[in-house]
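Letter by letter, the chains look like this.
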Amino acid sequence: MTMREITYREAIREAMSIEMRKDTSVFLMGEDVGVFGGVWGVSEGMLGEFGAERVRDTPITEAAIIGAGLGAAMVGMRPIVEIMFGDFLMCAGDQIVNQVAKARFMSGGKANVPLVIRVTTGAPGSAAAQHSQSPESWFMNVPGIKIVCPATPADAKGLLLTALRGQDPVMFYEHKMLYGESGAVPEEDFTVPFGQAAVVREGSDVTVIAVGIMVKKALEAAEALAKEGISLEVIDPRTLVPLDRETLIRSVAKTGRVVIAHEAHERGGPGAEIAAVLASDAVEYLDGPVLRVAARNVPLPYSPVLENYVLPDAADIIKAVRSFWAQKGA
Amino acid sequence: MSDELSPEMKKEMYWMMLLARRLDERAWVLHRQGKIAFHISGIGQEAAQVGAAFALQRGVDWVTPYYRDLALMLSLGYTPRHFALSLYGKREEPSSGGRQMPSHWGYKPANAVSHSAPVATQASHAAGIGLAIKLNGESKVVLSTIGEGSTSQGEWYEAVNWAAIHNLPVIFMVENNMYAISVPVAKQMAVPSAADKACGLGLDGRKVDGTDVFAVYAMMQELVAKARNGGGPSLIEARMYRITPHSSDDDDRSYRSREEVDEAKKSDPLLVGKRQLEAEGLLSEADLESMEAKAKDMVDDAIQYAEAAPYPEVAEGEYPVYAEEVRHA
């Protein structure tokens, strides 16, 4: 494969474009995705290549965007819909939970729903309670949807191509603060399968299972702790549904210690499910508690001093890792 | 307030538009200087907002504003200092103590309810407030403002329908500034005016020139009186032009021409208002100079005050999530 550096944003655009060139049933719709190229710039230039029939500006109607996406998907199209902020998903809550997720089951398997819901997640900085949430786990409790959280440009491309070629609805969570991050991405068409975690950094002392942007922070923590002789193994699940239990358990079996890091709130976040999996299937390997590093259980504030306090960062991961030894030494 | 506007009142309305404009402009500068994280502007929409606000009984009637309503909020007693504190996320900010974004309002003395980032949610809150007013037998009204793009949301129709069915004292004012971020009004609705949506919902639908503060005031006076007297809800579209980009986060050159914006600036509500007052001999050059000087002083004061004001204490980030302390929350 020919590798070159592109941004996470470009990688997502590239995946959409590859599939739209190959498959005329694929089209993109959402608020401001046309002339403006999306408020996050992801679809910039796509209107020029694919035209207004296939890169469609919608009215401000999250429920109708996702509902119409479902309708089009059921009759053979492969819509990609963009929801500007994950926080706005609840405007379409019924469509996602009761319609999109259940169409296959309730039709006895007759309805195919190849719908990709691209949605942003995470705090972009002083955007407060209704623009900053990480709503990945909101829908983990709803069978029927796959949940994808790419942390790198390469995974963004490969996972999105998998999503676009599947038969089931996918919620594809793009972290706003990753859009500008660059990384090596194969130029060719390639896919990253769902349900296959990435061992991002091998290590021996503590496993850090990191979701989305926390992968980057976990690597920062690993770098810092390596200087103290503490070796972190960083695992990125990449998809929360389906979840690659085996890779997580294998790592914990090796290290005996685990920290789960995500930007979603701690309570009921993706880490709660991961911790439960480890408690049921890996408890014999654990030499300490399962720790979580996550946003505090309060809404995200605007004021930067408050926001920094609520959000998790690399220093919080370092603190959690050190606590394994602090407890023993105390 | 009486139906007939006194010269003093007319000048006061112009002053409010001017103050809002200068404060709004300064917020853009602060953002460009990197001093604040975000600004969303109401430039071009001052006439509709001031005209509507002056038709209300301040602190008696209720308002569910939306994020462009700086001039509306100033007319209801929210101050430049309050706004500046919100831009900086300072502790003394009256809506939330620095917790919520600027321009999401919430100001208890004005009975103004906070706006939400997912749009159109305020319309059903307004219906609920209207229902409570009716149930309590009070003589109050609710003004619920919204952008034209947000009237595409299902929730907006649900709320207006609700208010119409139950004859609730709510005025739904659509500030049609022609753009929803980048999407022009023609891609937002098939009817020529948001007011036309009223006919399918069973309430009075009106159109008004949203650059003419006195025309908006006159129409709002009528609709407020009707609602207050049990005549039920109305839908009013005030049409104007969003002179600035959507917010400090976008560049509008990518979706509209400079010629279009320059043309629209000819109907800038401040110019329209100035011409009207001058034609009536109510605004001298000296008046204007003193208003500008006063606005500059107030804006300077607000920014200086906010810059010097303390941030919240970090621990304030923990509350108030619940009414009382909850263990393991």
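S.K.: What's the story with the overall build of chain B in this structure? I'm lost.
M.R.: Helix and strand content of chain B: ten helices and seven strands. C-alpha extents for chain B along the principal axes are approximately 60 × 50 × 40 Å. Counting the 329 residues in chain B, one finds 58% classified as buried. Looking at chain B alone, contacts between residues at least 24 apart form 74% of all its contacts between residues at least 6 apart. Put simply, chain B shows about 13,100 Å² of open surface, and 53% of that area lies on carbon and sulfur atoms. Counting 34 positive and 46 negative side-chain charges, chain B places the averaged centre of each group 1 Å from the other.

S.K.: Would you mind going over the domain arrangement of chain A with me for this structure?
M.R.: Interfaces are often sized by the amount of accessible area the parts lose when they come together. Residue and element names in this part refer to chain A. On domain assignment, one finds that chain A holds domain 1 (3-186) and domain 2 (198-326). Here the C-alpha centroids of domain 1 and domain 2 sit 26 Å apart. The interface of domain 1 with domain 2 comprises 25 residues on the first partner and 24 residues on the second. Roughly 1,900 Å² of surface becomes buried between domain 1 and domain 2 when both sides are summed, with 63% attributable to carbon and sulfur atoms. Among the salt bridges present, the one from R238 reaches D155, with a minimum N-O distance of 3.0 Å. At the junction of domain 1 and domain 2, the tally comes to eleven residue pairs in polar contact (both at pLDDT 80 or more). Of all the secondary structure elements, the ones that give two or more residues to the side of domain 1 that touches domain 2 are β6 (146-148) and α6 (153-165).

S.K.: Can you walk me through α6 of chain A in this structure?
M.R.: An α-helix turns once every 3.6 residues. As a result, residues three or four positions apart point the same way. Residue and element names in this part refer to chain A. Taking 1.5 Å of rise per residue, 13 residues should cover 18 Å, and α6 covers 19 Å from first to last C-alpha, within 8% of that figure. A large share of α6 lies buried, amounting to twelve of its 13 residues. Every buried residue of α6 is accounted for by P153, A154, D155, A156, K157, G158, L159, L160, L161, T162, A163 and L164.

S.K.: Teacher, can you tell me more about empty space enclosed by the protein here?
M.R.: The probe, sized like a water molecule, is rolled over the atoms to show the empty space still left. All names here are of chain A. Scanning the model with the defined rule gives one cavity of 30 Å³ or more in all. Here the largest cavity is characterised by a volume of approximately 80 Å³. Forming the walls of the largest cavity are 15 residues, and the residues nearest its centre are T121, E136, H175, V211 and G212. The class makeup of the residues in the lining of the largest cavity is seven nonpolar, five polar and three charged. For the lining of the largest cavity, the two domains that each supply at least three residues are domain 1 (3-186) and domain 2 (198-326).

S.K.: Explain the interface of chain B and chain A here, please?
M.R.: The interface of chain B with chain A comprises 43 residues on the first partner and 33 residues on the second. Interface area for chain B against chain A, summed over the two sides, is near 2,800 Å², with a carbon-plus-sulfur share of 63%. Linking chain B with chain A are two salt bridges, by the criterion used here. A salt bridge links D57 of chain A to K187 of chain B; the nearest nitrogen and oxygen atoms lie 3.9 Å apart. There are twelve residue pairs in polar contact (both at pLDDT 80 or more) connecting chain B and chain A. It is helix α4 (residues 80-88) of chain B that contributes the most residues to the side of chain B that touches chain A, three residues altogether. Class assignment for the residues of the side of chain B that touches chain A results in 19 nonpolar, 17 polar and seven charged.

S.K.: Even after reading the chapter, I still don't get the sheet that holds strand β3 (residues 55-57) of chain A, so can you show me in this structure?
M.R.: In a beta sheet, neighbouring strands are held together by backbone hydrogen bonds and run either parallel or antiparallel to one another. Residues and elements named next belong to chain A. Read from one edge of the open sheet, seven strands run β3-β2-β4-β5-β7-β6-β12, paired in mixed fashion. Strand pairing shows two members of the sheet lacking a second neighbour, β3 and β12 (239-241), which therefore form its edges. Here the average twist between neighbouring strands, direction ignored, is 20°. In this sheet, strand β5 (residues 116-121) lies alongside strand β4 (residues 78-83) in parallel orientation, the contact comprising four bridges. When the sheet's bridge partners are listed, E82 is paired in β5 with R118.

S.K.: Hey, could you run me through a nonpolar patch on the surface in this one?
M.R.: Residue and element names in this part refer to chain A. Together, M74, V75 and M77 make up a nonpolar patch on the protein surface, roughly 280 Å² of accessible area in all. Relative to the helices and strands, M77 is located in the loop between α3 (62-74) and β4. Look at M77 and you get partly exposed, because its relative accessible area is 30%.

S.K.: Can you help me understand the packing of helix α1 (residues 8-22) of chain A against α6 of chain A in this one?
M.R.: Angle between the axes and distance between the axes are the two parameters that describe a pair of packed helices. Residues and elements named next belong to chain A. At a minimum axis separation of 8 Å, α1 and α6 run at an interaxial angle of 30°. Considering their axes alone, α1 and α6 lie roughly parallel with respect to each other. Note that α1 runs across α6; the crossing there is right-handed. Contact residues: α1 offers Y8, A11, I12, E14, A15, M16, I18, E19 and K22, while α6 offers P153, A156, K157, L160, L161, L164 and R165. For the contact of α1 with α6, the residue count by class is eleven nonpolar, no polar and five charged.

S.K.: Explain the side chain of R78 of chain A here, please?
M.R.: All names here are of chain A. With respect to the helices and strands, the residue R78 is situated in strand β4. Engagement of the side chain of R78 in a polar contact is seen with the backbone oxygen of L164, the distance being 2.7 Å. Those residues within four positions of R78 in sequence are excluded, and the remaining contacts are D23, S25, V26, F27, P114, L164, R165, G166 and Q167.

S.K.: How should I be thinking about the side chain of S103 of chain B in this particular structure?
M.R.: Residues and elements named next belong to chain B. One can find S103 in the loop between α4 and α5 (121-135). Overall, S103 belongs to the buried group, its relative accessible area being 2%. Non-local contacts of S103, meaning those with residues more than four positions away in its chain, are made with I40, Y67, F83 and S86.

S.K.: It is not clear to me how the pattern of salt bridges should be interpreted in this structure. Could you clarify?
M.R.: A pair can form between side chains of opposite charge whenever their charged atoms are brought close. Tallied over the full model, the rule gives 44 salt bridges over all chains. K254 of chain A is paired through a salt bridge with E233 of chain A; the nearest N and O atoms lie 2.5 Å apart. Of this pair, K254 of chain A sits in helix α8 (residues 245-255) while E233 of chain A is found in strand β11 (residues 232-236), placing the two residues 21 residues apart along the sequence. Residue classification places K254 of chain A among the partly exposed residues on the basis of a relative accessible area of 43%. The salt bridge partner of E307 of chain B is K35 of chain B, with a shortest N-O separation of 3.5 Å. Of this pair, E307 of chain B sits in helix α10 (residues 285-308) while K35 of chain B sits in the loop between α1 (7-32) and α2 (46-54); the two residues are 272 residues apart in sequence, bridging distant segments of the chain. Take E307 of chain B: its relative accessible area is 37%, and that puts it in the partly exposed class.

S.K.: I keep staring at α4 of chain B and nothing clicks. Help me out?
M.R.: By the criterion of burial, α4 of chain B is predominantly enclosed, with eight of the nine residues buried. Each element contacted by the buried residues of α4 of chain B is listed here: α10 (304-310) of chain A together with α1, α3 (70-75) and α10 of chain B. With its phi angle positive at about 70°, G89 of chain B sits one or two positions after the end of α4 of chain B.

S.K.: Teacher, can you tell me more about unusual backbone geometry here?
M.R.: With an omega dihedral of 0°, the bond running from V241 of chain A to P242 of chain A counts as a cis peptide bond. Within the fold, P242 of chain A resides in the loop between β12 and α8. Residue Y319 of chain B is joined to P320 of chain B through a cis peptide bond whose omega torsion reads 0°. Position of P320 of chain B relative to the elements: it lies in the segment after α10.

Rules used throughout
- Each chain carries its own residue numbering, running from 1 in the written order of its sequence.
- Starting at A for chains and at 1 for ligands, labels are handed out in the order in which the entities are written.
- pLDDT decides what is reported in this predicted model: residues at 70 or higher carry local features, side-chain atom pairs at 80 or more are listed and counted, and totals for whole chains, interfaces and linings draw on all residues regardless.
- Heavy atoms from the whole structure form the basis of all side-chain values; hydrogens and water molecules are not counted.
- To qualify as a helix, a DSSP run of H or I must reach at least 4 residues; to qualify as a strand, a run of E must reach at least 2; elements of each kind are numbered from the N terminus.
- For each residue, the accessible area found with a 1.4 Å probe, counting protein chains only, is set against the maximum for its type, and the residue is called buried under 20%, exposed over 50%, and partly exposed in between.
- Here a residue-residue contact requires only that any non-hydrogen atoms of the pair lie within 4.5 Å.
- Per-residue and other accessible areas were derived by the Shrake-Rupley procedure at a 1.4 Å probe size, with only the shown protein chains allowed to occlude residues.
- His residues and chain termini do not enter the charge count, which takes Lys and Arg as positive and Asp and Glu as negative.
- Lys charges are placed at NZ, Arg charges at CZ, Asp charges at CG and Glu charges at CD.
- Just so you know, the domain bounds were taken from an automatic or database domain assignment.
- A simple way to read buried area is as the amount of 1.4 Å-probe accessible surface that goes missing from two parts once joined, with both sides added.
- When a carboxyl oxygen of Asp or Glu is within 4 Å of a side-chain nitrogen of Lys or Arg, the pair counts as a salt bridge.
- Whenever a nitrogen or oxygen atom comes within 3.5 Å of another N or O atom, the pair is scored as a polar contact, on the condition that within protein one atom can donate a hydrogen and the other can accept it, and that pairs from neighbouring residues in sequence are kept only if both atoms are in side chains.
- Here the expected length of a helix is defined as 1.5 Å per residue gap, with one fewer gap than residues.
- Lining residues are those with an atom within 4 Å of a point, where the points come from a 1 Å grid over the protein atoms alone and group into cavities, where a 1.4 Å probe fits but cannot get out, or pockets, open sets with protein on both sides within 12 Å along at least five of seven lines.
- Grid points are joined across faces, edges and corners, and a volume is the space filled by probe spheres set on the points.
- Nonpolar residues are Ala, Val, Leu, Ile, Met, Phe, Trp, Tyr, Cys and Pro. Charged residues are Asp, Glu, Lys and Arg, and all others, Gly as well, are polar.
- Two strands qualify as a pair provided that DSSP identifies no fewer than 2 bridges between them.
- Axis lines are fitted to C-alpha atoms, over the contacting stretch for helices. Their N-to-C directions set the angle, which ranges from 0 to 180 degrees.
- Patches in this entry comprise residues that are over 30% relatively accessible and not in a salt bridge; like charges within 9 Å are linked, as are nonpolar side chains (Val, Leu, Ile, Met, Phe, Trp, Tyr) within 5 Å.
- When describing relative orientation, an angle under 35 degrees is termed roughly parallel and one over 145 degrees roughly antiparallel, while 65 to 115 degrees is termed roughly perpendicular and anything else oblique.
- With the far helix as reference, a near helix turned anticlockwise by less than a right angle produces a left-handed crossing, and one turned clockwise produces a right-handed crossing.

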